[in-house]
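Structure assessment
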Amino acid sequence: MRLMDLCRPLISEEKADELRFKIAGPESEEETKREYRMNGFSDKSNRFQTITAEQNFKRFATPENMLKWKQEYFDEWTGSEYHFSKENIYSVNLIELAGLNYGIYSKENTQKLYDKLSDYKNCAAVDQYWHIAYEIVSSLSKRLFEDGEYDMLECFFRLAVDMLDNAPDCWDKEYFGSHTLDDIERYRGLIEEKLNG
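Right, let's walk through the structure included here. The model shown is predicted, which means the values in this text are computed figures rather than measured ones.

1. A look at the pattern of salt bridges
Taken as a whole, this structure holds 16 salt bridges when the rule is applied. Of the charged contacts, one joins arginine 188 and glutamate 185 as a salt bridge, the two residues approaching to 3.2 Å between their closest N and O atoms. Pair noted here: arginine 188 and glutamate 185 are both in helix α11 (residues 171-196), with a separation of three residues, about one helical turn. Given the relative accessible area of 27%, arginine 188 is considered partly exposed. Look at glutamate 185 and you get partly exposed, because its relative accessible area is 49%.

Shown next as structure tokens:
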């Protein structure tokens, strides 16, 4: 701990906390929640440098708390005040949080995400439209398809195409947009097979 105190004047408060969390671990439920968010909702033990740090994390990071913290984060990001920009869109992928293996997938959360992203002209930077469209298709399609949520999947597909249409031309839009449109057509074909098969 003395070493961390000596480092404090040389690094940012966030970096100092990161170092402390890795070595000593969080000291409260609030700090554990913060550490969990900082690490992209990962509870893997390989990010800790000591057994003490891991034990202190596990003391507060119960399965119930971790699920609650992910839902709080999702609710915060889908709130009306949140704006997606280049600076914050990569910190934790909101779309993946709702769609894949984070434990908060539900029809309600999927609808909430759709409602938020449908207002993309007011809640996202124009240079991120291509990125959001790509993430919609790559992160949500598999789960919605497997659950037979074809109508919702089609709503997301139309939204992704609309976002690509409104995105400014750039290499990323061309490259990722092409993959996005190919994936949409592939899933539409699979849906057609399921419905007629």
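2. Details of helix α2 (residues 13-23)
Those residues of α2 that fall on the buried side of the exposure criterion are Ala16, Asp17, Arg20 and Phe21. All buried residues of α2 lie within an arc of 135° about the axis, which places them on one face of the element. Following α2 by one or two positions, glycine 25 has its phi on the positive side, about 85°.

Thresholds, definitions, all that
Throughout, residues of each chain are indexed from 1 in the direction in which the sequence is written. Predicted model: local features are reported for residues with pLDDT of at least 70 only, side-chain atom pairs are reported and counted for 80 or more only, and whole-chain, interface and lining totals are derived from all residues. Hydrogens and waters are ignored; side-chain quantities use all the structure's heavy atoms. Take a side-chain nitrogen of Lys or Arg and a carboxyl oxygen of Asp or Glu: if they are within 4 Å of each other, that pair is a salt bridge. A run of DSSP states H or I qualifies as a helix once it reaches four residues; a run of E qualifies as a strand once it reaches two. Both are numbered from the N-terminal end. In this scheme, a residue with accessible area under 20% of its type's maximum is buried, one over 50% is exposed, and one in between is partly exposed, where area comes from a 1.4 Å probe on protein chains only. Of all possible arcs, the one meant is that of the directions from the helix axis to the C-beta atoms.

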